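Close look at the chain arrangement
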Amino acid sequence: MQTCLTINGTQHQLDLDPRTTLLDALRHHLRLTGSKKGCDHGQCGACTVMVNGRRINACLTLACMHEGDEVTTIEGLGQPDALNPLQEAFVREDGFQCGYCTPGQICSATAMLQEISEGWPSHVTQDLEAGAELTPEEISERMSGNLCRCSAYPNIVEAIRIAAGKQA
């Protein structure tokens, strides 16, 4: 099936089996290996990418469903010689250990910060009228779909707070 995907601002024409997941299209057809295959069931968040600015698990969606969408992967957020502020904060605060979950954590955190700026509440948001404060509890709740098997959670939360300009 011919599918045109816009990944990190570049259009790619791919001939894919219609059953190809977005994750497999990224990793195996486009060689964008930043997004990781962890559980392949949408439970770990290692494959998190952004589609039209919203975070999704790339292992749970078919590539052909995203024709016309703007897909952003970790490669579209920054490069080793030009990290974005969230990536810099992850490095500075040691928000990773093995690094396997880090691309998904950063993509998820990027979209999560946008959700907060748009006034989206979470389960732990105290005041629905005033909006969410970037507390450790709020970040932890919103990032709960992204697992870190090394348990770098305190550093991940702090990196997100710092990147958002909210020093602890």
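Here, every reference points to the structure presented above.
Reading the values: the criteria
Residues numbered from 1 in each chain as written. Predicted model: local features only at pLDDT ≥ 70, side-chain atom pairs only at ≥ 80, totals over all residues. Heavy atoms only, no water. Helix = DSSP H or I, 4+ residues; strand = E, 2+ residues; numbered from the N terminus. Buried < 20%, exposed > 50% of the residue type's maximum accessible area, 1.4 Å probe, protein only. Contact = heavy atoms within 4.5 Å. Pairing = 2+ DSSP bridges.

**Considerations on the environment of Leu 26**
Note that Leu 26 resides in helix H1 (residues 22-29). Given a relative accessible area of 0%, Leu 26 falls into the buried group. The contacts of Leu 26, once residues within four sequence positions are left out, are Ile 7, Arg 31, Leu 32, Ser 35, Val 49 and Thr 73.

**Quick look at the pairing of strand E1 (residues 2-7)**
Of all 6 residues in E1, 5 are buried, a share of seventy percent or more. Pairing of E1 with strand E2 (residues 10-15), which is carried by 6 bridges, proceeds in the antiparallel orientation. Bridge pairing in E2 links Gln 2 to Asp 15. Counting the residues between successive antiparallel strands, the hairpin from E1 to E2 contains 2 residues, one of them, Asn 8, with a positive phi of roughly 55 degrees.

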